[in-house]
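Working through the structure, step by step
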Amino acid sequence: MRFRKYLVRSWLAWAIVFTGVTYLTLHHLESFDWSLFWFIYTLGALFVMNPLKRRHLHFTFHEMFVFITFFLYGLAPALLMGQLLLFTFQARTFNRRVGRRRFLHFYPLNTVIECLLVLLPGLAYIGLGGRIGEPVHLMQEGVAMLAFLGTLFLVLTMSFVLSYFMVGERIPFPIMWRLIRFDWLVVSLELLFTMIAIESYLVFGYVGLIVTFFILSVLKMSMSKATETEETKTKVDQVERLKEQLYRVDSEQLLIEKFWNGLRDVVEVERGWLQVNRNGERTFYDMTGRIIPSVPDAYTIERYQDEDEPCFVYDSLHEWHPELQQQQQELHHSALVIQPVWGAETAVSCMVSTTANGAYETPIAIEVNRLLKTLSWSIERIDERDRLQHESLTDPLTGLHNQRALRSWTTERLNDVASYPLSLFLVDLDHFKSINDTYGHAFGDEVLIEAGQLFTRSVRATDLVTRYGGEEFVFVFPRMDEAAAQLVGEKIREALRRHDFGTEGTRITVTASIGIETIHEYEDLDTVLRHADRAMYVGAKFNGRDRVAHYQELSTEVR
C-alpha cells in the first residue's frame, strides 16, 4: 500500500503519546475536579461538532478549553482534555467511509500535534515560573505567557513539517503560509478568550464560562461567514447559470463540451472524466469532450456506491478509497467525486482531481451534483428528440429512410452545386403483388427487408437509399453522371436478381425495374421523381421488366 510507511509512523507516534497521557492521567486522578472537568469538556464538544474549515484544515477552537484546563489544573488534565475533544471531533464523521479513512490516517497525527500544543508551551510556561491552579490571573504572568504564546506559534508552524513526515502531506508554500497565519490568528483569539474565561470563572463561576462560551460562539460564526468568501458565492452562481445553458443545448457533443468549459470556471481541474450510462451502455468523455476508453475509477465508484453520500470531497490522497489510490498515475491529492446521478434512464457520474490539497468545497460539490442531474435530464431530452426525429425519418419495416427524409436530404443536395451531376433511381420490385398473394404478406415483408439491406450494401456512404412506398425504393447519388448511373443501375439489378430471397424452405428470385434521371443543374425534386418514374414504367416495365432505363434515352426517343 502506498501509505503503509506513513501509517506505521503515525500509529507508532500515537502509541507513545497515548501511553504517556494515560500514565500522567492515572497518576493525577486525585487532583481532578471532575464536575468542572466534564463541564469544560461539554462546552468544548459543542465547539468541535461544528468546525470552521479553511482549505482542507478544520479549526475547532477547542484549544481554548484545553488551555483553561491547563491553567486551572496543570498538564495531565489538559492533555486528557485535548485527547478527549480531539477524539470527539474525529469520531463525528466515523459513520462515513471518507471519515473512517480520514480517521485512520490523520487521527494519529492530530493526536501528536494536540499533545505538543499543550506540552511544549505548558513546559515553557512552567519553566519561567508561570502559576497554575486557582486563583490564577494570567495578566500577571507576563513573561511566562509570552513564552507560552511564542512556543505555541512555533509548534503550529512545525506541525506542517510533522504532517509531511507522518502522513506525507504536501502543501504548496503559499497555501501553507496562509494557513499558518490563520492558525496564529485563531490560537491568539483562543488564548485571549482563555484569559477572559478564567477571570469570569473566578468571579462568576460556571455562569462566567457559559457567557464566555457564548461570546466566542458568536465570534466563530462571524469568522465562518467571513471565510465563506464572495468567490464561493460566485461559483454557486456560475453553476446555476451553467445549468440554464445546458437546458438549451440540443447536441450531446456540444452539451459535454459546454459542461467541461463551465466546470473549469468553477473548480480546479487537472484531470477528470465524465461517464454517461444509458441502461448499461457506457460512454466516457475526457475534459476536452472527446470519447475515451472506459475508466476503472468509474467502476470502482459504482462498486462502492453509497446512496447517503451522493458526492465525495477528498482533501488529501490519504482519504481516497484504496482502489482509487492504486489507479492514480499522478500524485493528485484533492478529488471531487460525483456518484452516478440518475435521470429516468440515464446516469451521469464524474470525477475531477488536482495536485493541491483541499481544492474542493462541500457546498460546491453539492452544486456540481445538482449540475449532473441537469446534465442527465438534458441528455435524455436530446436522446428523446433524436429518437423522435429518427422515427419520423425512418421506415419502420426496413429501417431505411422514408419519404420525409428523402425530401429533406435531397433538397439540401439540390441546393449545393458540388452535388452535380446528381442521379436519382426509382426502383420497383417486379410482380411483388404475386409474391404477397402466393407466399403471404409476412414473407413479402421479409423480401422488402432483405432488399433494403442489399441496396444499402450496394451504394456509397455519401448516397441515400429510401423506401418510397410499397415495393418502391428511391436512391439519390450526388456527383454521378449518366454513364456511371447506368453502370450502377445494372450492378444493383444484377445483385438483386442473383440474390435468393426468403427462408431456407422457401427461396425465390426477385427482379426490379429501375428508372434513372440525371440532372446537371437545379431541378425541382418532384420533376426529377416524375422523370425517373416515367423512365421506370415506359423504359423498363413496358419493355419486359428486370431492366434499367434512363430518362435521357427515353426523351431522345420521343424527340
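First things first, this report covers the structure right here in the doc. (Residues numbered from 1 in each chain as written. Predicted model: local features only at pLDDT ≥ 70, side-chain atom pairs only at ≥ 80, totals over all residues. Heavy atoms only, no water.)

For the rest of this paragraph, the subject is the sheet that holds strand E15 (residues 548-550). Strands belonging to one sheet form pairs held by backbone hydrogen bonds; the direction of such a pair is parallel or antiparallel. Within the open sheet, the 5 strands sit side by side as E10-E11-E9-E14-E15. Their pairing is mixed. Two strands lie at the open edges of the sheet, namely strand E10 (464-469) and E15, each paired on one side alone. For this sheet, the mean angle separating the axes of adjacent strands, direction not counted, is 20°. Pairing analysis gives 3 bridges linking strand E14 (residues 512-519) to E15, with the strands arranged parallel. Of the residues in E15, the one forming a bridge with Ile516 is His550. Packing of helix H14 (residues 403-414) onto the sheet brings it into contact with strand E9 (422-429), E10, strand E11 (472-477) and E14, and relative to E10 it is tilted by some 135°. Where helix H18 (residues 525-540) meets the sheet, it contacts E9, E10, E11, E14 and E15, and its direction lies at approximately 140° from that of E14. (Pairing = 2+ DSSP bridges. Helix = DSSP H or I, 4+ residues; strand = E, 2+ residues; numbered from the N terminus. Axes fitted to C-alpha atoms, helices over the stretch in contact; angles between N-to-C directions. Contact = heavy atoms within 4.5 Å.)

Our focus in this paragraph is the pattern of salt bridges. Evaluation of the coordinates by the stated rule reveals 25 salt bridges. Measuring nitrogen to oxygen at the nearest pair gives 2.8 Å for the salt bridge that ties Asp526 to Arg407. Taken together, the positions of Asp526 in helix H18 and Arg407 in helix H14 put the pair 119 residues apart, joining distant regions of the chain. A salt bridge links Lys541 to Asp430; the nearest nitrogen and oxygen atoms lie 3.0 Å apart. Of this pair, Lys541 sits in the loop between H18 and E15 while Asp430 sits in the loop between E9 and helix H15 (432-439), placing them 111 residues apart in sequence. The exposure class of Lys541 is buried, given its relative accessible area of 10%. A relative accessible area of 4% means that Asp430 is categorised as buried. Salt bridges linked by common partners bring Glu490, Arg493, Glu494, Arg497, Arg498 and Asp546 together as one network. (Salt bridge = Lys/Arg side-chain N within 4 Å of Asp/Glu carboxyl O. Buried < 20%, exposed > 50% of the residue type's maximum accessible area, 1.4 Å probe, protein only.)

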